[in-house]
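# Summary of the model geometry
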Amino acid sequence: MMNIAVCIKSVPDPEYYEKITIDPESKRLVRDGIPAVINEADCHAIEAALRLKEQNGGTITLVSMGPPAAKEQLLEGLAMGADAAYLISDRKVGGADSLATSYTLSKLIETVGTFDVILTGNESADGATAHVPSQLGVWLNAAHATNVVDLYYDNGMVVTKQFETGRGKYRLQTPCVIGVTPKANEVRFKNVRTILEAKNKTLKVLSAADLKDVDDQYLGLKGSPSQNGEVEAMSGNKECKMLQGTETEIADQVVEIIHQIIGVKEEA
Amino acid sequence: MAKEIWVYAQKDADVVKELLAKSQEIAKVIGEYKVCAVALGDDLKDAKNLGDLGAEKVYAVEHTSLKEYRCDLYAKAIEKLVQKYQPEYFFFGATAIGSELAPTVVALVKTGLAAHCIDLRYGKDRLNCMVPAFGGKVISEIYIPNARPVMASVRPGILQTEEAAKYEAELVCEDTSFLNDETSTEEFLGFEENQKDTNNIEDADVVVSAGRGITSDASWNALTQLADKVDGAIAWSRSFIDTGRVKDESSMIGTSGKSVKPKLLVNAGVSGAAQYVCGIARAKKVISINKDPKAPIFAYSDYGVVGDAEKILTAVAAKL
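Scope of this entry: the structure provided in the associated data block. (Residues numbered from 1 in each chain as written. Chains lettered and ligands numbered in written order. Predicted model: local features only at pLDDT ≥ 70, side-chain atom pairs only at ≥ 80, totals over all residues. Heavy atoms only, no water.)

## Observations regarding the sheet that holds strand E14 (residues 227-233) of chain A
Pairing within the open sheet is antiparallel, and its four strands lie in the order E14(A)-E8(B)-E7(B)-E6(B). Looking at strand neighbours, the two that pair on one side only are E14 of chain A together with strand E6 (119-123) of chain B, the edges of this open sheet. Direction aside, the axes of adjacent strands within the sheet are offset by 30° on average. Across five bridges, E6 of chain B lies against strand E7 (residues 126-133) of chain B in antiparallel orientation. The partner of Leu120 of chain B across the bridge, within E7 of chain B, is Cys129 of chain B. (Pairing = 2+ DSSP bridges. Helix = DSSP H or I, 4+ residues; strand = E, 2+ residues; numbered from the N terminus. Axes fitted to C-alpha atoms, helices over the stretch in contact; angles between N-to-C directions.)

What follows is the structure, given as structure tokens:
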């Protein structure tokens, strides 16, 4: 039997990122009207949990931190086949950077159960720090691995991590925290049974006061060593020479530029 | 607090050189800071050579248990070093190892970390770490006001720096006997190298890159034909993958893909989404073809062509 926790995050749908603007006065991001979805990598973490449960038996508990509306994404996770879901939603935990977020999630995990394996998406689409799996590992005093492209249980969790030059295989003692990438699996379609069952499963919203053994200094804004300054839109500053003329004339100019840069290639 | 800027010297990672050069620039601005490299491993006899890359001082943490990378032991060893010497700044390359090790160290020493930065700029009496967010749509300034060290992971192949000054580095060999008693929660089982990449976009002199505008077979054929004529590697944007023609992310340019530095980059049908242009900052000359005269890619290009990519590429390939 394997008790599995999966951390999920409700994020603005990446399909709509082009609609995000910056308020020229406040220099803050304007993301009104953009729908929320489960972070994509987290869906792969849920899928990985479903497969581990099929192979080893056990339970799947979803945990998340976010506004009350994030219940929607937890409900969707239950419809994917998870067994129970907990959301920590409280002003006291708001404004958190990755260190404070991972601390809060670690306390939520410790409050709602005892787990052998904790899965997360490797990174979120919005902030994309990819810090949370490693930091959760430290807070929970557990082994951890990120950038994981394959995972299974064999006397510990055997994970394959993707590095630049190749893939490394490690066996982690349990409990452990694993950052799952989309490469790890294909997410299955939801079936009617799990969708119908979802509404009858446990879905609880907790406040900071519900968390066990919390040290307030690590929560929220106060517990966040890093701060956000201004945001700016990306923009280029090259003086681009626009080539003019008919297609043939333009092609001639492009050929000349190519020759100037890389030289004329000798015909074999 | 030591007036030192540390760089994690991951073995064989090009980003170490970039970070040391950037650290020298920062040291000049803030004054009297020493740029130091931190090397871990089981055999560090060459660690002093990090002086050639710009390190004034090298901290060598050598122990048999550090032969293979294991996150928990590496992080513990680094934590100990940080507690002992208390550097003010500490930078990692945002490689797979750096992206795992840096947040682990941060959680152990309880400081702040800016992730996957594309630049580090000193201003307003603080170090501003420029971090792309929302898929690179915006760049956020992240700073760490109070906690120390200020930590950042920086994407490889993006920093633009002057050549670093070389040093005859001072070597500090740490006592690592505490590692004799440490057990790891990780067992290293093996490493399988990537298959040799025949289309290596990172080292190619010429790169021809496809964007969302390459929709037809004819335009794709024209692009591959041009690449063939100029011995160029073929790359693409995230949006091009979304069109379904290719799946492979190993030839993708951008913040979640690779950075290129060719003598010549030809962008065909690439609009220039922020996450893409982060990956082309070091291309020497850029020609872009796009049917939209307002496409952001032109602001990152030396030459621009407003027109049909298929027709232009075909005409150019025919003349080469």
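## Thoughts on the sheet that holds strand E3 (residues 57-62) of chain B
All names here are of chain B. Taken together, the seven strands give an open sheet; going across it, the order is E5-E9-E4-E1-E2-E3-E10, and neighbouring strands pair in parallel fashion. Of all strands in the sheet, those with a lone pairing partner are strand E5 (113-117) and strand E10 (170-173), marking the two edges. For this sheet, the mean angle separating the axes of adjacent strands, direction not counted, is 20°. Both strand E1 (residues 2-8) and strand E4 (residues 87-93) contribute to a ladder of four bridges, which runs parallel. Looking at the pairing, Ala2 lines up with Pro87 of E4. Packed onto the sheet, helix H2 (residues 71-85) meets E1, strand E2 (34-41), E3, E4 and E10 and runs at close to 165° relative to E1. In the packing of helix H3 (residues 96-109) onto the sheet, contacts are made with E1, E4, E5 and strand E9 (150-154), and the angle to E4 comes to roughly 150°. (Contact = heavy atoms within 4.5 Å.)

## As for the interface of chain B and chain A
You'll often see interface size given as the accessible area lost when the parts meet. Contacts between chain B and chain A engage 81 residues on the former and 73 residues on the latter. The interface formed by chain B and chain A contains four salt bridges. Residue Glu100 of chain B is joined to Lys161 of chain A by a salt bridge in which the shortest nitrogen-to-oxygen separation is 2.7 Å. Here the residues of the side of chain B that touches chain A sort into 44 nonpolar, 15 polar and 22 charged. Across two bridges, strand E15 (residues 241-242) of chain A lies against strand E16 (residues 303-306) of chain B in parallel orientation. Across the sheet, residue Met242 of chain A finds its bridge partner in E16 of chain B, namely Gly304 of chain B. (Salt bridge = Lys/Arg side-chain N within 4 Å of Asp/Glu carboxyl O. Nonpolar A, V, L, I, M, F, W, Y, C, P; charged D, E, K, R; others polar.)

## Quick word on H2 of chain B
All names here are of chain B. Taking 1.5 Å of rise per residue, the 15 residues of H2 would be expected to cover 21 Å, and the 21 Å separating its terminal C-alpha atoms lies within 8% of that figure. All of the buried residues along H2 are Cys71, Asp72, Leu73, Tyr74, Ala75, Ala77, Ile78, Leu81 and Val82. Two residues or fewer after H2 comes Gln86, characterised by a positive phi angle close to 50°. (Expected span 1.5 Å × (residues − 1). Buried < 20%, exposed > 50% of the residue type's maximum accessible area, 1.4 Å probe, protein only.)

## Some points on the pairing of strand E8 (residues 138-143) of chain B
Residues and elements named next belong to chain B. Where burial is concerned, most of E8 is hidden: six out of the six residues are buried. Side chains Val138, Ser140 and Ile142 project from E8 onto one buried face, and the interleaved Ile139, Glu141 and Tyr143 project onto a second face that is buried too. Where E7 hands over to E8, the hairpin turn is made up of four residues, of which Phe134 adopts a positive phi near 50°.

## What to know about the pattern of salt bridges
All names here are of chain A. What the rule picks out here adds up to 33 salt bridges over all chains. In this structure, Asp154 and Arg171 form a salt bridge, with 3.8 Å as the shortest nitrogen-oxygen distance. Remark: Arg171 occurs in strand E11 (residues 166-172) and Asp154 occurs in the loop between strand E9 (143-153) and strand E10 (157-162); sequence separation between them is 17 residues. One salt bridge in this structure joins Glu197 and Arg193, with 3.2 Å as the shortest N-O distance. Of the two residues, Glu197 and Arg193 are both situated in helix H5 (residues 192-198); the distance of four residues between them amounts to about one turn of the helix.

## Re the side chain of Glu47 of chain A
Examined against the element boundaries, Glu47 of chain A turns out to sit in helix H1 (residues 40-56). Exposure remark for Glu47 of chain A: the relative accessible area of 2% places this residue in the buried category.

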